[in-house]
Amino acid sequence: MRRLHPPDKPQLVLVRYGEVALKDSWTRSSWERLLRANISHDLRAAGIDFRMTGEGGRIYVHTSDERAPSTISRVFGVVSVSPAYSVRPGIAEISELAVSIAMMRSPKSFAIRARRAGGDISSERIAVEVGAAVQRATGADVDLKNPDLEIFVEARQDRVLVFTEIMRGVGGLPLGSQSRMLALISGGIDSPVAAWLIMRRGSPVSLLHFDASPYADSREQVIRQAEILQSWMSGRHLDLMIVRNARAIELISSRYPRETCVLCRRLMYHVSSVVMKRLRANGIVTGYSLGQVASQTPENIMAEQVGIEAPLYHPLIAMDKTEIMDLARRIGTYDVSTGSKQCRAAPRKPVTKAKLDEILGIERELGLREIAVELADEMEIVKVRKERQSPL
């Protein structure tokens, strides 16, 4: 057999997507265009030269730049990517390439993973004949369960892709396929993860932080978190807005110390509702995880949120802390978030089962809705620079 030496680097990146392919034809077409545009933006931003084509539920990014797979894997909607070689659809060509790849790796065992999505060559024939060629050339054993080397072969109508790696993407929906949300961000571990998860479902975000200094000071952490989240936005601008609410905390804690956290959260939601409407966003996102802290009991959540004039989303509600921390590390916000400190205005024994009627009565007495409008009017907008991307 004539030995085909593969190029030094794969010539293209095979991009797979999931939910997009399950939609009706109009939505699928629209979201595929959006996904391709987001991939194109991030590749250009990274200074990567490429050409893009696609067919049958796949996107092909033609480039030999080694940075391309990790860059594409960060784009919302991408399920996985594979740096791949492309050959003509013939058993001889496929076998020669597979043998060359195997000879470079010198495995003790291997497996051919064949898939046919077009063309005249069956996956069974590819597996048998290409596998036999690799075995003759290398002497390696065939091991379909736990091989040293897996060679994937995906046959298409006019080409066959050969690759050895499947890199996991972030999945979800293409960013921009859903409307914008307003995400509350505190400087802690949870809230940036919640914002990222909503982005993963296709919604760009704007961020709102409540600066409680001198009771708490997370401003710099929040700005760093915003910079990291900006790097996931595929070119869309991420607004960071800061509202100073120390005087409202002082009013609440001096009158109703045990209810401080519940009342403060209601005030935040009222402010957020005002800001959300001004931004023409379509919901408020929190980092709540049920029962994680005293303020996040079912009773307190109900007392905080009943009557708020906005939809509220809690992406972390059923996740435990370990899951959230793992996601924060993957996103890149964990190290920035670990220095966050508890608000010093929080009481030693906060109410854990707040009574809704009492909370609503106190809210009216203190005029929290009116205060919310005043705080929104005083809001500061911070310019967010883009954090440099890093591989997942």
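Residues numbered from 1 in each chain as written. Predicted model: local features only at pLDDT ≥ 70, side-chain atom pairs only at ≥ 80, totals over all residues. Heavy atoms only, no water.

Asks: I'd like a rundown of empty space enclosed by the protein, residues and numbers included.
Replies: Under the criterion given, the structure shown has one cavity of 30 Å³ or more. If you add up the space inside the largest cavity, you get close to 30 Å³. Along its surface, the largest cavity is lined by Pro 89, Gly 118, Gly 119, Asp 120, Ile 121, Ala 155, Arg 156 and Val 160. Split by residue class, the lining of the largest cavity holds four nonpolar, two polar and two charged. (1 Å grid on protein atoms, 1.4 Å probe; cavity = no way out; pocket = protein on both sides within 12 Å on 5 of 7 lines; lining within 4 Å. Points joined across faces, edges and corners; volume = space filled by probe spheres on them. Nonpolar A, V, L, I, M, F, W, Y, C, P; charged D, E, K, R; others polar.)

Asks: Pulling in residues and values, what's your account of helix 5 (residues 190–200)?
Replies: Summarising burial for helix 5: ten of the eleven residues are buried, a large majority. Listed as buried for helix 5 are Asp 190, Ser 191, Pro 192, Val 193, Ala 194, Ala 195, Trp 196, Leu 197, Ile 198 and Met 199. Residue Gly 202 follows helix 5 closely and has a positive phi angle near 100 degrees. (Buried < 20%, exposed > 50% of the residue type's maximum accessible area, 1.4 Å probe, protein only. Helix = DSSP H or I, 4+ residues; strand = E, 2+ residues; numbered from the N terminus.)

Asks: Could you give an account of the pattern of salt bridges, naming the residues involved and the relevant values?
Replies: Within this structure, the stated rule accounts for 23 salt bridges. We note a salt bridge from Asp 377 to Arg 278, for which the minimum N-O separation is 2.7 Å. Of this pair, Asp 377 sits in helix 13 (residues 368–377) while Arg 278 is found in helix 8 (residues 260–279), placing the two residues 99 residues apart along the sequence. Judged by relative accessible area, Asp 377 falls into the exposed class, the value being 54%. Judged by relative accessible area, which is 46%, Arg 278 ranks as partly exposed. (Salt bridge = Lys/Arg side-chain N within 4 Å of Asp/Glu carboxyl O.)

Asks: Tell me about the sheet that holds strand 15 (residues 380–382), and name the residues and values.
Replies: Across the sheet, which stays open at both edges, the six strands sit in the order 14-13-10-11-12-15 with mixed pairing between neighbours. Unpaired on one side and paired on the other, strand 14 (312–313) and strand 15 mark the two borders of the sheet. Note that strand 11 (residues 205–211) and strand 12 (residues 240–244) share five bridges and pair parallel. If you follow Asp 211 over to strand 12, its bridge partner there is Arg 244. (Pairing = 2+ DSSP bridges.)

Asks: Give a detailed account of helix 1 (residues 25–45), specifying residues and quantitative values.
Replies: Here helix 1 contains 21 residues, and its C-alpha end-to-end distance of 30 Å stays within 8% of the 30 Å for a straight helix at 1.5 Å per residue. Looking at the buried side of helix 1, the elements it contacts are strand 1 (12–17), strand 2 (51–55), strand 3 (58–62), helix 2 (68–73) and strand 4 (78–87). The distance from a side-chain oxygen at the start of helix 1 to the backbone nitrogen of Trp 26 is 3.2 Å, and the residue carrying that oxygen is Asp 24. The positive-phi residue at the C-terminal boundary of helix 1 is Gly 47, with phi of around 75 degrees. (Expected span 1.5 Å × (residues − 1). Contact = heavy atoms within 4.5 Å. Polar contact = N/O pair within 3.5 Å; in protein donor to acceptor, adjacent residues only side chain to side chain.)

Asks: Describe the nonpolar core, with residues and values.
Replies: Most often, soluble globular proteins have nonpolar side chains that are buried together. Ranked by internal contacts, the top residues of the largest apolar core, which has 38 residues, are Leu 208, Phe 210, Leu 267, Val 271, Val 275, Leu 368 and Leu 375. Contributing elements (two or more residues each) for this core: strand 10 (181–184), strand 11, strand 12, helix 7 (246–255), helix 8, helix 9 (298–305), helix 12 (356–366) and helix 13. Examining the composition of this core, we find that ten residues originate from one element, helix 8, more than from any other. Once you skip the residues sitting within four places of it in the chain, Val 275 turns out to touch Leu 182, Leu 208, Met 241, Ala 376 and Met 379. (Core = buried A, V, L, I, M, F, W, Y, C linked by side-chain atoms within 4.5 Å.)

Asks: Which residues make up the pairing of strand 12, and what values go with them?
Replies: With respect to burial, strand 12 is a largely interior element, four of its five residues being buried. Handedness of the crossover is the feature at issue here: the chain leaves strand 11, passes through helix 6 (residues 219–230), returns alongside strand 12, and the resulting connection is right-handed. As judged from the three bridges shared by strand 12 and strand 15, these two strands associate in the antiparallel manner. Paired with Leu 240 across the bridge in strand 15 is Val 382. (Right-handed = clockwise from strand over helix to strand, strands pointing away.)

Asks: Explain the environment of Val 134 to me, and be specific about the residues and the numbers.
Replies: Within the secondary structure, Val 134 sits in helix 4 (residues 123–138). Given the relative accessible area of 0%, Val 134 is considered buried. With residues up to four places along the chain from it excluded, the contact list for Val 134 reads Ala 98, Val 99, Ala 102, Phe 110, Ile 112 and Gly 139.

Asks: Give me the packing of aromatic side chains: which residues, what numbers.
Replies: Overall, the coordinates contain four aromatic pairs when judged by the stated rule. For the pair Trp 196 and Trp 232, a centre-to-centre distance of 5.5 Å together with 85 degrees between the ring planes defines the contact as edge-to-face. Of this pair, Trp 196 sits in helix 5 while Trp 232 sits in the loop between helix 6 and strand 12, and the two are 36 residues apart along the sequence. Its relative accessible area of 1% is what places Trp 196 among the buried residues. Look at Trp 232 and you get buried, because its relative accessible area is 2%. Within the aromatic cluster, the residues linked to one another by ring pairs are Phe 76, Trp 196 and Trp 232. Against the face of Trp 232 rests Arg 74, its NZ or CZ located 3.9 Å from the ring centre. Positioned over the ring face of Tyr 334 is Arg 329, at 4.2 Å from the centre of the ring. (Phe/Tyr/Trp six-rings, centres within 6.5 Å; stacked < 30°, edge-to-face > 60°. Lys NZ or Arg CZ within 6 Å of the ring centre and 35° of its normal.)

So, to be careful, I would describe these as geometric facts and stop short of saying anything about function.
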